[in-house]
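What the coordinates show
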Amino acid sequence: MCDPITIGVTMMAAAGGVSAYSSVQQGKVAQKTANYNATMAERAAADAVRAGEDQAQQVNRQTSALKGAQRVGMASNGLDLTYGTASDLQEQTDFFGQSDANMARFNAGRQGWNLQAQAMQERYSGNMARRNANLQATGSLLASAGQVAGGWYSRGSPGFSGTQSAAPISNRSI
């Protein structure tokens, strides 16, 4: 049967091991969660850029429709579409339509960039959480080892305290 000192020291060692294992598992979960969040942010970034391109195409279609309506109206009034105000109006319509399409692309690109930056931050945070958990686990193991050693030394356990007396010698013959 084990003596109480051995049981206590064994329990301290086991507690340190469980604490270290728990820290490592928490770090793994934090990293997986951060990686999932980063993947979602990357997907959202790609969706934002696609939505911006879709919006830009919609603006171009609207601009073309507006320009067509302007041409029909001016032509029905007998205006020369290649000269003067009629030509200037069409150029302005093209310019502002293209400006609006470019702005839609720019805004979507900026939103996508922000989401990509968020994804990078999530991955970094996950990596740091895992590293911190591993360091915490190492600290738990070292602290536990110190407690175990202290337990052995302070309780006068045989072989460690230096206070053990010599074994009695008997005169019995074998």
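Residues numbered from 1 in each chain as written. Predicted model: local features only at pLDDT ≥ 70, side-chain atom pairs only at ≥ 80, totals over all residues. Heavy atoms only, no water.

**Overview of the overall build of the protein**
Where we set the bar: Counting from the N terminus, the helices are DSSP H or I runs at least four residues long and the strands are E runs at least two residues long. Residue exposure (1.4 Å probe, protein chains only): buried if accessible area is under 20% of the type maximum, exposed if over 50%, otherwise partly exposed. A contact between two residues is defined here by any heavy atoms of the two lying within 4.5 Å. Here, Shrake-Rupley sampling with a 1.4 Å probe gives the accessible areas, and only protein chains in the shown set may cover a residue.
Within the protein, the regular secondary structure consists of 2 helices and 0 strands. Looking at the protein residue by residue over its 174 residues, the buried ones come to 21%. Look at the contacts in the protein between residues 6 or more apart in sequence, and 82% of them connect residues 24 or more apart. When the accessible area of the protein is evaluated, it comes to approximately 12200 Å², of which 59% is carbon and sulfur surface.

**Considering the packing of aromatic side chains**
We count it as follows: Paired rings are identified among Phe, Tyr and Trp, the last through its six-membered ring, by centres lying within 6.5 Å, and are further divided according to the angle between planes into stacked (under 30 degrees), edge-to-face (over 60) and tilted (the rest).
Using the criterion set out here, one finds 1 aromatic pair in the structure. Their ring planes at 75° and their centres at 5.1 Å tell us that F95 and F96 sit as a pair that is edge-to-face.

**Describing the environment of Y21**
Mapped onto the elements, Y21 comes out in helix α1 (residues 4–76). Under the relative-accessibility criterion, Y21 is labelled exposed at 56%. When the C-alpha atoms of Y21 and A133 are compared, they prove to be 9.6 Å apart, with 112 residues separating the residues in sequence.

**Some thoughts on the side chain of Q90**
Worth spelling out the cut-off: In protein, a polar contact requires one atom able to donate a hydrogen and another able to accept it; more generally it is a pair of N or O atoms within 3.5 Å, and residues adjacent in sequence count only if both atoms are side-chain atoms.
Residue position: Q90 is located in helix α2 (residues 84–154). At 2.9 Å, the side chain of Q90 and the backbone oxygen of L81 are in polar contact. Filtering out sequence-adjacent residues up to four positions away, Q90 remains in contact with K67, R71, M74 and L81.

**What about the environment of E42?**
Mapping E42 onto the fold places it in helix α1. Once the C-alpha coordinates of E42 and L115 are considered, the two residues, 73 residues apart in sequence, prove to be 6.4 Å apart. Non-local contacts of E42, meaning those with residues more than four positions away in its chain, are made with Q116, A119 and R123.

**As for the environment of R131**
Relative to the helices and strands, R131 is located in helix α2. Considered as a pair, R131 and G27 are 104 residues apart in the sequence and their alpha carbons are 7.2 Å apart.

**A look at the confidence of the model for the protein**
Using the following cut-off: A residue's pLDDT is the predictor's confidence in that residue, given on a scale from 0 to 100.
Here the protein averages 85 in pLDDT, while 84% of its residues score no lower than 70. Of the regions scoring below 50 in pLDDT, residues 158–162 engages in 6 contacts with residues more than four places distant in sequence or in other chains.

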